[in-house]
Amino acid sequence: MARKETITKMDLLNAAFEMASEEGVERITARNLAAKAGCSTQPIFRIYKNMEELGEELFAQVVAYFEAYYAKFPRKNDTPFVNLGLAYIRFAQDNPKLFQLLFVSENRHGKTLYDILNGTDGVMVKEINNAKFYGCTNPSAMFMKMWIFIHGAACMSLTGDYDLNEEETGTLLEESYHSFLATLSS
């Protein structure tokens, strides 16, 4: 009688997600993952061709996690890019290792930063269209200006150099948007 397989693909993916979240993706080796999942390395290589294949699935799972995080994030402001900025910065604060994997890593498994942010719901397209709706004559340039500011703030939170609360951050994002709007209109 064949031995029952006890470690599933989902078990491995969940263990890899926990490791990525707690320790960082660079700590995920076959040996470390096997220890976390409570198995030998054999099930890993029975399920996955190699660690790169597992990494691609893990990356997709983390992208989906970010999309769900953003979808649940409260919308408190009508100014374009403010809610997105607040969610992005908070995600960096709440999930520093996952943020690094998605937004600071060189290996995004063929996805651009824009692809990840736009997600399955077209988040970036909606924000750019929202800026246009509210009178921005160059919403693509506005996106770039706001994004540099938002991404910088999120990265600063990884090193402990960003200490503004959510209300202060929201005000700063609004002020930045309106300042950029004035320069783009002139």
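Look a little higher up for the structure.
Read on for an overview of the structure.

Rules behind the numbers
- Each chain has its residues counted from 1, running along the sequence as written.
- Restriction of local features to residues with pLDDT of at least 70 applies here, the model being predicted, together with a cutoff of 80 or more for giving and counting side-chain atom pairs; totals for whole chains, interfaces and linings are based on all residues.
- As a rule here, side-chain values come from all non-hydrogen atoms in the structure, and water together with hydrogens is ignored.
- To sort residues, take the accessible area from a 1.4 Å probe on protein chains only and compare it with the maximum for the residue type: under 20% means buried, over 50% means exposed, and anything in between is partly exposed.
- Take the buried residues of types Ala, Val, Leu, Ile, Met, Phe, Trp, Tyr and Cys, join any two whose side-chain atoms come within 4.5 Å, and each joined set is a nonpolar core.
- Every residue pair with non-hydrogen atoms within 4.5 Å of one another is taken to be in contact.
- Every helix listed is a DSSP run of H or I at least four residues long, and every strand listed is a run of E at least two residues long, numbered separately from the N terminus.
- The directions considered for the arc run from the helix axis to the C-beta atoms.
- Take the residue count of a helix, subtract one, and multiply by 1.5 Å to get its expected span.
- Polar contacts here mean pairs of N or O atoms no more than 3.5 Å apart (in protein, one a potential hydrogen donor and the other a potential acceptor; neighbouring residues in sequence count only if both atoms are side-chain atoms).
- Note on aromatic contacts: the rings of Phe and Tyr and the six-membered ring of Trp form a pair at centre separations within 6.5 Å, being stacked when their planes are under 30 degrees apart, edge-to-face when over 60 apart, and tilted otherwise.
- The criterion is that NZ of a Lys, or CZ of an Arg, lies within 6 Å of the ring centre and within 35 degrees of the ring normal, and then a charge sits over that ring.
- To get an axis, a line is fitted to the C-alpha atoms, and for a helix only the part in contact is used. The angle between two axes follows their N-to-C directions and goes from 0 to 180 degrees.
- The cut-offs work like this: below 35 degrees is roughly parallel, past 145 is roughly antiparallel, 65 to 115 is roughly perpendicular, and the gaps in between are oblique.
- Helix crossings are classified by the rotation of the near helix relative to the far one: an anticlockwise turn of less than a right angle makes the crossing left-handed, while a clockwise turn makes it right-handed.
- In this classification, the charged set is Asp, Glu, Lys and Arg, the nonpolar set is Ala, Val, Leu, Ile, Met, Phe, Trp, Tyr, Cys and Pro, and all remaining amino acids, among them Gly, are polar.

**Focus: unusual backbone geometry**
And step 1. Non-glycine residue Phe-81 carries a positive phi angle of around 75°.
And step 2. Judged by its relative accessible area of 0%, Phe-81 is buried.
And step 3. A positive phi angle, close to 50°, is found at His-109, a residue other than glycine.

**A closer look at the nonpolar core**
And step 1. Ranked by internal contacts, the top residues of the largest apolar core, which has 59 residues, are Leu-33, Phe-81, Tyr-88 and Phe-103.
And step 2. When residues no more than four places from it in sequence are discounted, the contact partners of Phe-81 are Met-124, Glu-127, Ile-128, Ala-131, Met-142, Phe-143, Met-146, Ile-150 and Tyr-177.

**Regarding helix α8 (residues 123-133)**
For an α-helix, the turn length of 3.6 residues means that residues three or four places apart are oriented alike.
And step 1. Within the span of α8, buried status applies to Val-123, Met-124, Glu-127, Ile-128 and Ala-131. One side of α8 holds all its buried residues, which, seen down the axis, span an arc of 130°. Opposite the packed face of α8, turned more than 90 degrees from it, sit the exposed residues Lys-126, Lys-132 and Phe-133.
And step 2. Residues of α8 that are buried sit in contact with α4 (51-72), α5 (82-94), α7 (113-118), α9 (139-158) and α10 (166-185).
And step 3. Of the residues trailing α8, Gly-135 is marked for its positive phi of about 100°.

**Brief notes about α10**
And step 1. Here α10 spans 28 Å end to end across 20 residues, near enough to the 28 Å set by a 1.5 Å rise per residue.
And step 2. Along α10, the residues that are buried comprise Thr-169, Gly-170, Leu-173, Ser-176, Tyr-177, Leu-181 and Leu-184. All buried residues of α10 project into a common sector of 135° when viewed along the axis, lining one side.
And step 3. Contact partners of the buried residues in α10: α5, α8 and α9.
And step 4. Sitting at the amino-terminal end of α10 is Asn-165, which places a side-chain oxygen 3.0 Å from the backbone nitrogen of Glu-167.

**Here's the deal with the packing of aromatic side chains**
Two descriptors summarise a pair of aromatic rings, namely the distance from one centre to the other and the angle between the planes of the rings.
And step 1. On inspection of all chains with the given rule, the structure shows 15 aromatic pairs.
And step 2. Arranged with centres 5.2 Å apart and planes meeting at 75°, the rings of Phe-66 and Phe-103 form a pair that is edge-to-face. Within this pair, whereas Phe-66 is found in helix α4, its partner Phe-103 is found in helix α6 (residues 96-104), the two being separated by 37 residues in sequence.
And step 3. Looking at Phe-66, the relative accessible area reads 3%, which means it is buried.
And step 4. Considering the side-chain rings of Tyr-69 and Phe-91, the 5.1 Å spacing of their centres and the 75° angle between planes classify their relative orientation as edge-to-face. Taken as a pair, Tyr-69 in helix α4 and Phe-91 in helix α5 lie far apart in primary sequence, 22 residues in all. Like Phe-91, Tyr-69 is buried.
And step 5. Its end group placed over the ring of Tyr-70, Arg-75 keeps NZ or CZ at 4.2 Å from the ring centre.

**With respect to the packing of helix α1 (residues 9-22) against α4**
And step 1. Here α1 crosses α4 at 70°, and the two axes come no closer than 10 Å. As summarised for this structure, α1 and α4 are arranged roughly perpendicular, according to the angle between their axes. In this structure, the crossing between α1 and α4 has a hand that is right-handed. Residues Lys-9, Leu-13, Asn-14, Ala-16, Phe-17 and Ala-20 of α1 form the contact with α4, whose own contacting residues are Leu-54, Glu-57, Leu-58, Gln-61, Val-62 and Tyr-65.
And step 2. Across the contact of α1 with α4, the residue classes tally to 8 nonpolar, 2 polar and 2 charged.

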